[in-house]
Each structure stands twice: as structure tokens, then as C-alpha cells.
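# Report on the structure
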Amino acid sequence: MAEQRIAVYPGSFDPPTLGHLDLIQRATQLFDKVVIGVARNIGKKALFSTEERVAMLEQMVHHLPGVEVSRFETLTVDFARGQGACAIIRGLRVLSDFEFELTLAINNRKLNPEVDTVCLMPSEPYAFLSSTMVKEIAAFGGDFSSTVTPEVAEKLKAKIAER
Ligand code: ADP
């Protein structure tokens with residue numbers, strides 16, 4: 001049997017959105033296995049705990065064969081190596097993502113030349129969607145129902161109400 005082609009999809013997923021899900025579905029068309037890696041945020045202060053983010057993602061992808069959710073606290077390239085991955089999936093939305101993702105990809109390649117970054121573009125409705133945007137709309141009582149799954153929407157409402 002040919003070797004399995006594995007990709008990791010690292011990110012904060014705070015919270016996971018339909019844009020993330022769009023990318024995960026695209027990645028499953030290209031790879032035999034996709035391991036979503038929930039990063040412990042160093043720079044960003046997360047609204048949801050790592051456990052909560054992992055649980056939301058697990059619920060979102062349970063119907064997708066070949067998709068796993070994991071957490072990691074290492075360099076992304078070390079996470080990729082540990083999973084036996086040949087690629088790191090990242091998303092490109094608006095032009096402003098490009099510089100950041102290119103810098104990240106080149107630095108990751110320096111750290112591990114065996115893993116390449118594959119950037120995927122989301123469907124149009126998600127091209128301007130970010131977790132930060134969803135949290136801001138939610139915090140000010142706006143309608144964010146078209147940006148996340150109903151389960152994530154409930155969790156986000158509860159989290160905002162807690163604060
Ligand atoms: P990070 O803090 O690592 O950027 P995010 O969860 O914000 O974590 O994003 C993870 C990856 O998913 C990034 O490459 C980002 O560009 C991509 N991404 C986030 N939202 C979308 C979206 N709506 N469409 C496509 N890609 C997205």
C-alpha cells in the first residue's frame with residue numbers, strides 16, 4: 001500500500017469557524033489524513049481553553065473520515081514531524097494574510113525542510129471571516145449565526161454571558 005499522505009492544520013481556533021471547516025474539508029480532498037492541531041496561544045489571549053477548542057472541533061469534524069483533532073505546545077514543524085506529516089495546511093483569505101503566511105512558511109521550512117506549507121483559499125463567504133471578527137460581533141450582540149456551527153454559537157453565547 002502506498003504511504004499515507006498526512007497533513008497537519010495548526011491554528012488557534014478560538015473559536016473554530018465555518019472558514020476553518022471549509023479548509024479542513026478541502027484538505028481532506030488532498031490528503032489521506034488531516035490532523036488539526038490546536039495551539040496553546042503564546043501571544044494571543046484565548047477566550048476558550050485548549051480543551052474547549054479541541055471539543056468544539058471534534059464535534060465539527062466527527063462526520064469527516066480521516067480527520068483527527070490534537071493539541072500541541074511545540075513548534076509547528078515538530079508537531080508535523082511527530083504526526084508523520086508531509087504538509088502544513090494554512091489558510092489565505094484577504095491579501096493581508098499573504099505576508100504573514102509567507103513569512104511563517106519560509107521560517108518553518110528553514111526549521112524543517114521536509115515539510116512544506118500548503119495554503120488553501122476558502123469559499124467566498126468565508127474570505128473575510130476570522131475568529132477575532134466572530135468574537136467581536138458576539139461581544140456586541142450582533143448576529144454571527146452564519147459564521148460558526150450552531151453548537152459553537154451556543155458555546156460562544158454562554159462564554160460571553162459568563163463575562
Ligand atoms: P492562528 O492564530 O494560527 O492564525 P487561526 O485559528 O486564526 O490561528 O487560523 C488558523 C489558520 O486558518 C490560518 O492560516 C488562517 O489564515 C486560517 N483561517 C482562519 N480563518 C479562515 C477563513 N475564514 N478562511 C480560510 N482560512 C482561515
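This write-up is about the structure you can find in this document. These numbers were taken from a predicted model, which means no experiment stands behind them.

As a further point, take unusual backbone geometry. Note: most peptide bonds trans; most residues except glycine with negative phi. Geometrically, the link from D14 to P15 is a cis peptide bond, its omega value of 0 degrees lying close to zero. Here P15 shows up in the loop between β1 (6-11) and α1 (18-30). The backbone phi angle of F13 is positive, close to 50 degrees, even though this residue is not glycine. Mapped onto the fold, F13 is located in the loop between β1 and α1.

Summarising the element assignment, P125 is placed in the loop between β5 (116-120) and α5 (131-139). Residue P125 is classed as exposed on the basis of its relative accessible area of 67%.

Read across the open sheet, the 5 strands follow the order β3-β2-β1-β4-β5; overall the sheet is parallel. A strand with exactly one partner marks an edge of an open sheet, and here the two such strands are β3 (67-72) and β5. Adjacent strand axes in the sheet meet at a mean angle of 30 degrees, parallel and antiparallel pairs treated alike. Bridging between strand β4 (residues 87-91) and β5 involves 5 bridges; their strand directions are parallel.

Looking now at the pattern of salt bridges. In the structure shown here, the tally under the stated rule is 12 salt bridges. Put simply, D14 and K135 hold a salt bridge, and the shortest N to O gap is 2.9 Å. Of this pair, D14 sits in the loop between β1 and α1 while K135 sits in helix α5; the two residues are 121 residues apart in sequence, bridging distant segments of the chain. As far as the burial class goes, D14 and K135 line up, both buried. A salt bridge links R109 to D116, with the shortest nitrogen-to-oxygen separation between them at 2.8 Å. Here R109 falls in the partly exposed class, since its relative accessible area comes to 41%. According to the relative accessible area criterion, D116 is partly exposed, its value standing at 37%. Where salt bridges share partners, they join R40, E51, R71 and E73 into one cluster.

Let's shift gears to the pairing of β4. Here β4 lies mainly inside the structure; 5 of its 5 residues are buried. Both faces of β4 are covered, namely the face carrying A87, I89 and G91 and the face carrying I88 and R90.

So, how was this worked out
- Residues numbered from 1 in each chain as written.
- Predicted model: local features only at pLDDT ≥ 70, side-chain atom pairs only at ≥ 80, totals over all residues.
- Heavy atoms only, no water.
- Helix = DSSP H or I, 4+ residues; strand = E, 2+ residues; numbered from the N terminus.
- Buried < 20%, exposed > 50% of the residue type's maximum accessible area, 1.4 Å probe, protein only.
- Pairing = 2+ DSSP bridges.
- Axes fitted to C-alpha atoms, helices over the stretch in contact; angles between N-to-C directions.
- Salt bridge = Lys/Arg side-chain N within 4 Å of Asp/Glu carboxyl O.

These figures come from the coordinates and say nothing about function on their own.
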